[in-house]
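Listed below are the residues making up each chain.
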Amino acid sequence: MNMDDRLFNYYLELKSPEAGEWNSSPECIHTELITRDYVRREFPVTDGIKVCNVGIGTGDWDDYLGYWLKGKGNLTSIDINKDICDIFAYRQQREGHPNPSKVLCKSIFDKEITNEKFDIVTLIGSAIHESGDFERCLDSCFDLLNTGGFLMFMANLKYSLLERLEEYLTSTNFQLEQKNLFEAYPEYAFFICKIKK
């Protein structure tokens, strides 16, 4: 299947019965709004800023980050899934994204992910859950950061990840600068934390 056919299938899958109901829901839209507004309010965009997102998923978050950084900073997106990486990079190219992401198809656990260090690393949604190793995933995210850089960590409360995060931080020198809970939709309550390396 050529890339245009794959891209067409990608667009169709976003509205499929499995994904469309969630993608169109108030809970999903609320979560996206809060998360996008959070990064915009809490992190100033400075000239030359380097941002990394771990876990591309549909790529909507990465698209937003690229627009947010446009003209000042660069985004690197990491995902282990080759199909996700390929279609995301191709979609950004075809759509003419003005600040496309540098896509790395690697595991977050790969010691040779990149030689770059970042000012901000974002880890949102189910990415940490899907990594299969909570502490190791956080370790890898912090390894990607410059000293003084920030991890923005957002996840659903249902997996008790906030408690695990706070326990993890007790054995590090990282500083939890901000912790926000969002419970407007109790069935999809989530948190966002800003943590300084």
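What you see is a predicted model, and the numbers here were worked out from it, not measured in a lab.

A. Region of the structure containing the overall build of the protein chain. When its secondary structure is counted, the protein chain shows eight helices and seven strands. Taken over C-alpha atoms, the radius of gyration comes to 16 Å for the protein chain, in line with the 16 Å a tight globule of 197 residues would show. Projecting the C-alpha coordinates of the protein chain onto the three principal axes gives extents of approximately 50 × 40 × 30 Å. Looking at the protein chain as a whole, 44% of its 197 residues are labelled buried.

B. Quick peek at the nonpolar core. Counting residues in each nonpolar core, the largest one holds 31 residues, and the members touching the most others are Val121, Leu123, Leu144, Leu151, Phe153 and Leu165. Listed by contribution, the elements that provide at least two residues to this core are strand 1 (50–54), strand 4 (118–123), helix 6 (127–131), helix 7 (134–143), strand 5 (145–156), helix 8 (161–169) and strand 7 (190–196). Discounting residues that sit within four places of it in the chain, Leu123 has contacts with Asn53, Val54, Ile128, Cys137, Leu138, Cys141, Leu151, Met152, Phe153 and Met154. By size, the runner-up hydrophobic cluster in this structure holds 20 residues, among which are Val39, Val51, Leu75 and Ile192.

C. How the structure looks around helix 5 (residues 82–95). With 14 residues, helix 5 should cover 20 Å at 1.5 Å per step; its first-to-last C-alpha distance of 20 Å lies within 8% of that length. All of the buried residues along helix 5 are Cys85, Ile87, Phe88, Tyr90, Arg91 and Gln92. Taken together, the buried residues of helix 5 touch helix 1 (3–14), helix 4 (60–69), strand 2 (74–79) and strand 3 (102–105). You can read the cap of helix 5 off the contacts: a side-chain oxygen lies 2.9 Å from the backbone nitrogen of Asp83, and it is on Asn81. Residue Gly96 follows helix 5 closely and has a positive phi angle near 70°.

D. Inspection of the packing of helix 7 against helix 8 at higher detail. As a packed pair, helix 7 and helix 8 sit with axes 11 Å apart at the nearest point and diverge in direction by 60°. Considering their axes alone, helix 7 and helix 8 lie oblique with respect to each other. The handedness of the crossing between helix 7 and helix 8 is right-handed. Along its contact with helix 7, which presents Phe134, Glu135, Leu138, Asp139 and Phe142, the element helix 8 presents Leu161, Arg164, Leu165 and Tyr168. When its residues are assigned to classes, the contact of helix 7 with helix 8 shows six nonpolar, no polar and three charged.

Cut-offs and rules
Residues numbered from 1 in each chain as written. Predicted model: local features only at pLDDT ≥ 70, side-chain atom pairs only at ≥ 80, totals over all residues. Heavy atoms only, no water. Helix = DSSP H or I, 4+ residues; strand = E, 2+ residues; numbered from the N terminus. Rg over C-alpha atoms; globule rule 2.2 N^0.38 Å. Buried < 20%, exposed > 50% of the residue type's maximum accessible area, 1.4 Å probe, protein only. Core = buried A, V, L, I, M, F, W, Y, C linked by side-chain atoms within 4.5 Å. Contact = heavy atoms within 4.5 Å. Expected span 1.5 Å × (residues − 1). Polar contact = N/O pair within 3.5 Å; in protein donor to acceptor, adjacent residues only side chain to side chain. Axes fitted to C-alpha atoms, helices over the stretch in contact; angles between N-to-C directions. Parallel < 35°, antiparallel > 145°, perpendicular 65-115°, else oblique. Left-handed = near helix turned anticlockwise from the far one by under 90°. Nonpolar A, V, L, I, M, F, W, Y, C, P; charged D, E, K, R; others polar.

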